[in-house]
Amino acid sequence: MTRSIAVAVAIARKDLLAEWRTRELVPALAQFVVLALVIANFGFQIDSRSAPAIAPGVLWLALVFAGLVAFGRAFAAEREQATLEAVLLTAAAPAAIFGGKALAAGLLLVLCEAVLLPALALFFGVPISFGLVFAVLLATVGMAALGCLFAAMVAQLRARELLLPLLTLPLWIPFIVAGGQAVQVAMGADGTMDQALKLLLDFDILFVVLTSLAARFVLDD
Amino acid sequence: MSAIVAESVSHWFGSEPALDAVDLVVERGDHVAVLGENGAGKTTLLRILATALRPSSGKLEIMGLDALRERRRLRGRMGYVAHAPGIYGALTAEENLAFFCDLRGADRARVPEALELARLTQVARRRASELSRGMQQRLAIARAVLHDPLLLILDEPDASLDAEGADLIAAVMNGRTAVLATHDQALATRLCQRALTLRRGRVLGQGSRLRIVQ
Amino acid sequence: MTRYLGAAAGAVALMLAAAALIFFFAPTDALQGPVQRIFYLHVSAAIAAFASFAVVLVGSVLYLWRGSVRADRLARAGALVGVVFTTVTLVMGMLWAKPIWGTYWTWDARLTSTLVLWIIYAGYLLVRRLAAPGRQAARFAAVVGIFGFIDVPVVYFSVDWWRTQHPGPVIATDALPPEMLFTFLFTMVCTLVLAGTLIAIRYRIETLMDTAPAAAIMNAPATHLEPAQ
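Residues numbered from 1 in each chain as written. Chains lettered and ligands numbered in written order. Predicted model: local features only at pLDDT ≥ 70, side-chain atom pairs only at ≥ 80, totals over all residues.

Colleague: So what about the overall build of chain B? Which residues, and what values?
Modeller: In terms of helices and strands, chain B carries seven helices and ten strands. In terms of overall size, chain B behaves like a compact globule, its C-alpha atoms giving a radius of gyration of 17 Å where 214 residues would be expected to give roughly 17 Å. By its C-alpha atoms, chain B is 45 × 35 × 35 Å across when sized along the principal axes. The proportion of buried residues among the 214 residues of chain B is 50%. (Helix = DSSP H or I, 4+ residues; strand = E, 2+ residues; numbered from the N terminus. Rg over C-alpha atoms; globule rule 2.2 N^0.38 Å. Buried ≥ 20, exposed ≤ 12 C-beta atoms within 10 Å, placed from the backbone.)

This is the structure in structure tokens:
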């Protein structure tokens, strides 16, 4: 067990180090996110009354697309450099490999969220409450687990740009629904943040367990 | 206990046959060369031996363990040098080796000796993507023995290697059981006592005298 | 060969009998009019689809657990038949919705999760096609099949929960008079028989394709074939 954690940490560290060296992903994500917000501003009629109705959608649209890019890239690099096999052949547990990659990709998405939330506050007047931040973080956990599992699968196939959203989005819907509700509550809608948070936590537990079990079938033969 | 016992190992990619009933026995300490043209099935066979690929049919026993059931245990005791180096371009040579040490649970102190063995100490701090193909290949070879494996599988390690590379291959094979796929007859003669020749997935001949088979 | 033909003929006959009941036995709905008759096949198709995907789940789990190729074939057959029935469900639902609600679609829990179901198993079929045939295709599809099956109730639940915060159109379900209930149950049974027959036939086709690809396709209609293992 400690071996697996050490492996996952080593992989996460390696991924973050590689991202730091190349600086490809995070600036692209941040730029994308800000762009999405600017487009939303021109595409929708944003005023103080419509903002609460539109902001949740904008947040989750931006996050979903950023997530698809981030998790897709997590395994794209391994495929390009033919390194995934080398890593598997070190006898590292596939679940640990998967965990490390999901951890790193999730953290990179969190960096992107650190840009997104303040931008939302700025452009849409979304109040950045502790509950909202927590909701976004919880959703990121589940989305990272699912996104990375299917990214690992899709990296081994053709037509990946088509397949990754097709496979991942249906599984992300519960997170988007609960997360969207969290934003609406933060902006003053009825309902409690606690309900949304509890749902997100339940989904996290369910899907983190399932994806960890499934990792060995996706990564290894 | 033999190091490798392969019995009637066959493999298809879809409906394309790649290996046809290959039998192979490798004893402890043997150095066996696998020869054959491109497309003969050398890489497929070596990947199966390295547990990177599950054969479509056949039995395989490595170091006394069923290679189809105990893959992870075997992987801990084997080293594999694939056709492509499979190293991380964004990391330095040193960081690459340290990372794989961490994955294997090997002591990081082995990294400097591995770099020395591969004559890469000078470029240890250089990013792997900036190394020449020959250097990358040497790095991959050094990586394969970081954990001091008993068995080593090398798939055409000499393909993009420079002169220093041949010495490195000899050095890592020394004292280990090894299976080496290569086109280089001279290298095979120098390093191996036995050879197996593949042609279109079938074993054309095995013997202790290396012959060029048309 | 002939027993599949017989089963297929029987299933078709049952469906025709169900159709007869739907159009001639069941009374016309007082509120919705003749359009309401879509309900019998629409709901039956939905149930048949879920049953087919349950077959996919069982096949997928068995394949991952035991490596049984037969289980994988069963999953393949179930997925194809399930997608067909889901398509039927969605189309009939839309045809029914337009005259009754005035709109083809609404994002309530049931419709959303049925659409998600369709997308997931369309993804299953696509993954099968794109992966390396054999182990990779079976492995990946099994993972998709299992995740998909678990996801649908989760989606249903979350949309349902969301709807309690944002009430939308309500689908009224009154109690069914006995003739309607009987018609529905009969249609449901017939549809399940049809689904089962289709899965069995497809399973046979998958078996043939696995064991003798080109020969199976060329020879299947005319010759008397041995049952495969």
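Colleague: Could you give an account of the interface of chain C and chain A, with specific residues and numbers?
Modeller: As a measure of interface size, the accessible area lost when the parts come together is often cited. Taken together, the 24 residues of chain C in the interface contact 22 residues of chain A. A total of 15 residues in the side of chain C that touches chain A trace back to one element, the largest contributor, which is helix α5 (residues 135-165) of chain C. Of the residues in the side of chain C that touches chain A, the class split is 18 nonpolar, three polar and three charged. (Contact = placed C-beta atoms within 7 Å. Nonpolar A, V, L, I, M, F, W, Y, C, P; charged D, E, K, R; others polar.)

Colleague: Report on the packing of helix α3 (residues 93-104) of chain B against helix α4 (residues 110-117) of chain B, specifying residues and quantitative values.
Modeller: Each packed pair of helices is defined by two parameters, the angle between the axes and the distance between the axes. Residue and element names in this part refer to chain B. For the pair α3 and α4, interaxial distance at closest approach is 10 Å and the crossing angle is 130 degrees. Taken together, α3 and α4 sit at an angle that is classed as oblique. In this structure, α3 meets α4 at a crossing whose hand is right-handed. Contacts between α3 and α4 pair Ala93, Glu94, Leu97, Ala98 and Cys101 from the former with Arg110, Val111, Ala114 and Leu115 from the latter. When grouped by side-chain class, the residues that make up the contact of α3 with α4 number seven nonpolar, no polar and two charged. (Axes fitted to C-alpha atoms, helices over the stretch in contact; angles between N-to-C directions. Parallel < 35°, antiparallel > 145°, perpendicular 65-115°, else oblique. Left-handed = near helix turned anticlockwise from the far one by under 90°.)

Colleague: Account for helix α4 (residues 109-130) of chain C, with residues named and values stated.
Modeller: The end-to-end C-alpha distance of α4(C) is 31 Å, a good match for the 32 Å that 22 residues give at a rise of 1.5 Å each. Among all positions of α4(C), only Thr112(C), Ser113(C), Thr114(C), Val116(C), Leu117(C), Ile120(C), Tyr121(C), Gly123(C), Tyr124(C), Val127(C) and Arg128(C) are buried. In this fold, the buried residues of α4(C) make contact with α7 (160-186) of chain A together with α2 (38-66), α3 (69-101) and α5 of chain C. (Expected span 1.5 Å × (residues − 1).)

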